[in-house]
Each structure stands twice: as C-alpha cells, then as structure tokens.
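# Structural description and commentary
As a plain string of letters, each chain reads:
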Amino acid sequence: MAKQPYYKRFIAIIVIGLICSGIMSILLETGYLRWIEHKSLDFLFLCRGTIPISDKILIIGTDEESLDNIKDPFIFWNPYFADVIKAIARGGARVIGFDFLQTIPLKKKIDGEDYDGIMANALMEAENVIMINLLRWDDTAKGLKVDNPLPRYQYASDPENIGFSNLTIDNDGCIRRQTLLLNDEENNVYAYIGLKVVAKYFNSTIEKKGNTIFVGDCEIPVNTYNEMLVNFTGPSGTFPVISFYKVWQLAHQGNADFFKRNFKDKIILIGPGNIYSQDFKPTPYYQSPYYSGTRQTPGVEIVANIINTILEKRFITTLKPWQTVCIIIFLGMLISFTSFMLSPVYGGIVAFSIAASYIYLCIFIFNHYSIWFYLVCPADVVPLTYTIVFAYRYSIEDKEKRRIRKIFKRYVSEEVVEELLQYPGTIPLGGNRVHVTVLFADIRDFTAFSENRDPWQVVAVLNSFFARMVDIVLKNKGTLDKYIGDGLLAFFGAPIARSGHADMAVISAIEMVSQLETLNRELLLDKPLSIGIGIHSGEAIVGNIGSAQKMEYTVIGDTVNIASRIERITRESNANILITGETFALLNNRSNINMDKEVVLRGRTKPVMIYRVKNK
C-alpha cells in the first residue's frame, strides 16, 4: 500500500515534465516562438555590451559634412571617389570595399572629362577594389536576377571583385545574421561583399564544405541557408566613421604620408554615412533604452561588423536542435520534480531560482564563449511546468488531502493530520484490520448526577470534561472515535501505525485521571466526578463505516468489546485504570502497574488477566 502513491507521483512527475517540455519544444521547432528567441539574442547582446573592434578595418563615410562641402550632385562624384581610391591604394591598403552600386552610365563628357573613364581608371590602378551588385527576385524567371555595376567598371576592377550587398533581414526588420553565399536561377554562386573583402584580404578563394565556409585561415560556421550570425561589436557608431570629405581633401592635396601611415595593410570600406542615404538598419542594440538616441546602423558599418566577426573569429555558434530540446526536457523534469516535492511557495521560489540561474548561465556563456543558448523557450518551460504541476496537485492530490483533512480533523490532532497528509496513499479509508490499543473512559454515576441539575449545567460539565480528556488523547497521538453518553472511545495505533500505541494509551489514561482531579477542584461540585478507564490491545477493523448518507471513521471488533467490559470492571475493583494482559505485554514502561486478577468476561470462556495502573 505504501508504494502506490510514490509510484503514481513518479509517473505524474515524468508525464507532466515531458508534456510541458514537448509543448515548448514544438512551439520552438515550428517557429511560433522563433521571433521571441531572436529578441532573446538582442537581450544577450545588451547584457554583454560593446567589445573591441579590429584595428584592421576603417570606414570612410559620405556623411553630412561631405554633402555640405562637395556641391556637385552625388551622381557626379566619380572624380572624388577616384581620387580617394587611388590615394588609399597608393597608401598600401590591402583591400577597398566600395559600397555604392554604380549602374547609371554618364555617357556624355562633362567639362571635358569622361566621368566613367575617371572611375574606371582608378579601379584599374588600385586592383583591389571590391564593388557591389544587387540580387533581386524575378517573378518571371522565378529566381534571382543580378543588377551589376557598369560593365566598364566590372572589367576595370575585375569581374571577380564583386560581391552582393543584400542584407538578411529578420521578420521584425532587424539584422542579426547575414547570408554569405547565394545562387541564382542558373545556379551561379554569388558571395557577399564582406566575404569577398575577407577573401581579397587573405588573397584566398572561397570554399564551402558542409556547414562551413573556408576563406584564408578562417572557418566560418553557417546554417543550411549559408547564414552567419553577426557578432555585432556594439550599437551604431562603434566603428568610427571618417568623413569622406576630409579624406578627399588630403588625397587632393597629395598627402601620401597620411595614407601610408593610416591605411597601410588595412581594409577600407567606403559607403553611405549620411541620414539621407536610407541605408540604415536596426541591429540588436537599436531598441535598447540604454542606447536611446542612437540611430540605426549604416549599411557600411554592418559590413564592417560582418568582416570583423570573420577576421577576429568571434563566431556566434548555436546548439543543435536536439541539444536545445534536451535542455528543455531537463528543466521541465527538474521543475516537475521540485514542484511535486515542495509547497507552492517554496516550489515557486525554487522554480524562479532555477529560471534565473539558467538565464544567468546563458548570459555568461554568450559573454565568454559566444555561444547562443536559446533563452526564452527553455526558461518558459519553468513557469509552465510549475503551473501545471500545482494545478494537478490541487485538482488530484490535494483533493485527496482535503478529503483526509475533512475526515480526520475531528478525530486526531493537527499534528497527526499533517503527518497523514504526507502519506495519503497509506491510509486505508475504506477499512482495514490493524493492531491497536482501545481506551474506554466513562464518568461514574453521571446519571444520578444529572437528575438533580439543570440541563445547561450538565452540558457545561460534560463539555469541560470532554474538552480536557480529548486534548489528552490528541496530544498523545490518539484518535477520538466517538462520545458515548458520558463516556468516550479512543484508540491508538491508527490511522498511522505506531509501535508504542499501548504506552500512549496508558499515559493518556494516567493524565486523564490527573486532569479530572484538577477539573473537580475548578468546578467545586458537591460530589466530585470520578472515571473508570478500560484499555485493551488487539486486532480491530478501523476505517470508514456507515452508509452513503452518514459515514464515520471508527473502530469495531472484539478488541473494542473487551475494552468496554474492562472499563465496567473498574467500579467493582475500585480502580480508575485497568488494562489487559495483551496491553501489558506491549508496554515499554511497566512501572506502577500491578497484576490484579483473572476474569471471565461475558460472552467469553477464556479468562482475561487484568492489571491495575496506579495513577499517582
């Protein structure tokens, strides 16, 4: 009987833990909660803060200062770009990334100059400029089409020195990852400008094997869509942007020392840096109140972050799906176990602590090892499991406990009730044969006492008597069975089996006689009350007995009858407490107990040895 509730609870722990873990795993794998996991990545970035940037990357931006000082329309900036590109190349820059898409030819000469020719000559002289193209979806071809720069620029720079500039944008408009390789409808492979810049920097080719892209000595982890998570160094402005106009001034002045001193062996990115360019995108830092007032990140700085991630080998890695599922299952099972074992308050405290510890672990691992543990789904399995466990406990387990409390609170002490609630499945509420000690206590001559007194006084005396006697029974872990007129029936050893039930009964009897003497002194009756107590130990049926309309938890059997008849003998033996030989044999303390006599009880042929218990 004792093993059954533990078995049921163990099954419940497993089932609820697996159900809650399964719900969160399904929500994650089906993508319903993928968006919130993206937000959790933003949270991890914000907790980490900024990190050092590579000194190999410099950004030149066409900022507001450039627009204010260069009066020519932007379409006619080719001579300015040409001056800057040539100066940077002569200064020893390893590679130049040019983040402007040049698709409009200037067919006519302006002021006697061929603007397209000027730009083409600069690209040809530098030999290390990576230009951009744009991939777009073509509904007619049902595939990607390429918008390339002018053919004149392509061949001046080298057709291989072109990378696409398309950014990979999540559903909420934020940049968190970047596709590094794409295929068009003819299965041509295109590389992202940042990847092309790195390949040029290492003078290396680009190879893809499995979920890894190899370039130089870098092994770039990507997913099946060739996407790399971008390890952003910080919010917009983390990479300092040098004004294009200032660089052009130094190039126009022929300040070669400046370019050699600041640009040698560097990666130089030239791109839009003014608020009018519309080339700004939100990154994980953008919506944080900590960085309030920070504008979105310009596209050229996003390119810089992607290149920085590759050069510094600060790749963000994620767990395999099955590993995340294992974490969710572990947390679900852990919370299921602790919630079953603890009260709602302590279970809630432990659940909150486990969730907080997991979140801290995710932050720590991301900060130090750049590993992205999914945060929301594993953490959310904690409150989900906690809620379901306590809903189950309230509706199933606690319902049983409430039933037990309702049944026993009238018969046993609160301490015993709490003890019963710890082992609800061990209590045979339907009736069971157990070994108990039964105690009968009865007030002598109470009928004569009642005849000459007002009913209210009789009731008051009985209430005072029962209150004190019952307190003694309950204090000694006994069970009150019922009141029988001016007497009471109690038993020891059930509903919780106790090896010392005989001692508990005898101790209770001695204390009841002593307490009656105290009550007599308080009541100042003309004739003090006296009681007889009979005690017998043996097997009896204990449990719920009655009908559907009225049922009581009681004890029945020959053991009860013998205790009742022993109580009747106390009058003729002039004794307050008599016990049988069966009870005497179970006692651990037999002091102040003497053999009295053998008696043959009514309805029995075998004599019963009785013992007198001295109550002083």
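Here is a short report on the structure shown in this document. (Residues numbered from 1 in each chain as written. Predicted model: local features only at pLDDT ≥ 70, side-chain atom pairs only at ≥ 80, totals over all residues. Heavy atoms only, no water.)

## Things to note about the overall build of the protein
For the protein, the count of helices and strands is 19 helices and 26 strands. The buried share of the protein, reckoned over its 616 residues, is 50%. Counting only contacts in the protein whose residues sit at least 6 apart along the sequence, the fraction spanning at least 24 positions is 73%. A total accessible area of about 30000 Å² is found for the protein, and carbon and sulfur atoms account for 55% of it. (Helix = DSSP H or I, 4+ residues; strand = E, 2+ residues; numbered from the N terminus. Buried < 20%, exposed > 50% of the residue type's maximum accessible area, 1.4 Å probe, protein only. Contact = heavy atoms within 4.5 Å. Areas by Shrake-Rupley, 256 points an atom, 1.4 Å probe, with all protein chains shown as cover.)

## Considering the packing of aromatic side chains
Overall, the coordinates contain 30 aromatic pairs when judged by the stated rule. A centroid spacing of 6.5 Å and a plane angle of 65 degrees characterise the contact between Phe-364 and Tyr-369, whose relative ring orientation is edge-to-face. Members of the aromatic cluster, connected to one another through ring pairs, are Phe-74, Trp-77, Tyr-80, Phe-81, Phe-98, Phe-100, Phe-244, Tyr-245 and Trp-248. Cation over ring: Arg-94 sits above Tyr-201, and NZ or CZ is 4.4 Å from the ring centre. Seen from the ring of Phe-214, Lys-209 lies directly overhead, with NZ or CZ sitting 5.9 Å from the centre. (Phe/Tyr/Trp six-rings, centres within 6.5 Å; stacked < 30°, edge-to-face > 60°. Lys NZ or Arg CZ within 6 Å of the ring centre and 35° of its normal.)

## Here we look at the packing of helix α4 (residues 78-90) against helix α5 (residues 115-126)
As a packed pair, α4 and α5 sit with axes 9 Å apart at the nearest point and diverge in direction by 10 degrees. One element, α4, and the other, α5, form an angle in the roughly parallel class. Facing α4, whose interface residues are Asn-78, Pro-79, Phe-81, Ala-82, Ile-85, Lys-86, Ala-89 and Arg-90, α5 presents Tyr-115, Asp-116, Ile-118, Met-119, Ala-122, Leu-123, Glu-125 and Ala-126. Of the residues belonging to the contact of α4 with α5, the class tally is 11 nonpolar, 1 polar and 4 charged. (Axes fitted to C-alpha atoms, helices over the stretch in contact; angles between N-to-C directions. Parallel < 35°, antiparallel > 145°, perpendicular 65-115°, else oblique. Nonpolar A, V, L, I, M, F, W, Y, C, P; charged D, E, K, R; others polar.)

## Observations regarding the pattern of salt bridges
Close approach of charged atoms lets side chains of opposite charge pair. With the rule as written, the count across this model stands at 17 salt bridges. Between Arg-176 and Asp-170 there is a salt bridge, with the nearest N and O atoms lying 2.9 Å from each other. When its relative accessible area of 12% is taken as the criterion, Asp-170 is described as buried. In this structure, the salt-bridge partner of Asp-596 is Arg-612, at a minimum N-O distance of 3.1 Å. Taken as a pair, Asp-596 in strand β25 (residues 593-599) and Arg-612 in strand β26 (residues 608-613) lie far apart in primary sequence, 16 residues in all. Taking the relative accessible area as the measure of exposure, Asp-596 reaches 27% and is therefore partly exposed. (Salt bridge = Lys/Arg side-chain N within 4 Å of Asp/Glu carboxyl O.)

## Describing the environment of Ile-59
As for its position among the elements, Ile-59 is in strand β1 (residues 57-62). Separated by 185 residues in sequence, Ile-59 and Phe-244 have C-alpha atoms that sit 9.2 Å apart. The residues touching Ile-59, leaving out its near neighbours within four places in the chain, are Phe-239, Pro-240, Val-241, Ile-242, Leu-269, Val-300, Glu-301 and Ala-304.

## Some words on the pairing of strand β2 (residues 95-98)
Alternating positions in β2 separate into two faces, Val-95 and Gly-97 on one and Ile-96 and Phe-98 on the other, with burial throughout. Strand direction decides the pairing type here: β2 and strand β14 (residues 267-272), joined by 4 bridges, are parallel. By the bridge assignment for β14, Ile-96 is matched with Ile-268. Taken together, the 2 bridges between β2 and strand β3 (residues 129-138) define a ladder with parallel strand orientation. (Pairing = 2+ DSSP bridges.)

## Re helix α2 (residues 34-48)
Since the α-helix turns once every 3.6 residues, residues separated by three or four places project in the same direction. Helix length check: α2 (15 residues) gives 21 Å between terminal C-alpha atoms against 21 Å at 1.5 Å per residue, within 8%. Taken together, the buried positions of α2 are Glu-37, His-38, Ser-40, Leu-41, Asp-42, Leu-44, Phe-45 and Arg-48. Phi for Gly-49, located one or two positions after α2, is positive at around 80 degrees. (Expected span 1.5 Å × (residues − 1).)

## What about the nonpolar core?
In this structure, Leu-180, Leu-195, Ile-220, Leu-269, Ile-307 and Ile-310 are the most contacted members of the largest nonpolar core, which totals 76 residues. Core analysis: the next-biggest nonpolar cluster, separate from the first, contains 40 residues, Ile-443, Ala-509, Val-513 and Ile-579 among them. (Core = buried A, V, L, I, M, F, W, Y, C linked by side-chain atoms within 4.5 Å.)

## Focus: the sheet that holds strand β10 (residues 212-215)
Two orientations exist for strands paired in a sheet by backbone hydrogen bonds: parallel and antiparallel. Sheet architecture is open: 3 strands sit in the order β9-β10-β11, paired in antiparallel fashion. Strand pairing shows two members of the sheet lacking a second neighbour, β9 (206-209) and β11 (218-221), which therefore form its edges. Strand-to-strand twist across the sheet, computed as the mean angle between neighbouring axes with direction ignored, equals 25 degrees. In this structure, β9 lies alongside β10, joined through 4 bridges in antiparallel fashion. The partner of Lys-208 across the bridge, within β10, is Ile-213. Contacts from helix α7 (residues 193-202) reach β9, β10 and β11, with the element oriented near 40 degrees to β10.

## Observations concerning the side chain of Thr-309
By the element assignment, Thr-309 lies in helix α10 (residues 299-311). Apart from residues no more than four positions distant in its own chain, Thr-309 is found in contact with Met-228, Leu-229, Val-230, Asn-231, Arg-314 and Phe-315.

## With respect to the side chain of Asn-78
Topologically, Asn-78 is positioned in helix α4. When its relative accessible area of 3% is taken as the criterion, Asn-78 is described as buried. A distance of 2.8 Å separates the side chain of Asn-78 from the side chain of Tyr-153, its partner in a polar contact. In this structure Asn-78 touches Gln-102, Leu-106, Tyr-115, Asp-116, Ile-118, Met-119 and Tyr-153, once residues within four positions along its chain are discounted. (Polar contact = N/O pair within 3.5 Å; in protein donor to acceptor, adjacent residues only side chain to side chain.)

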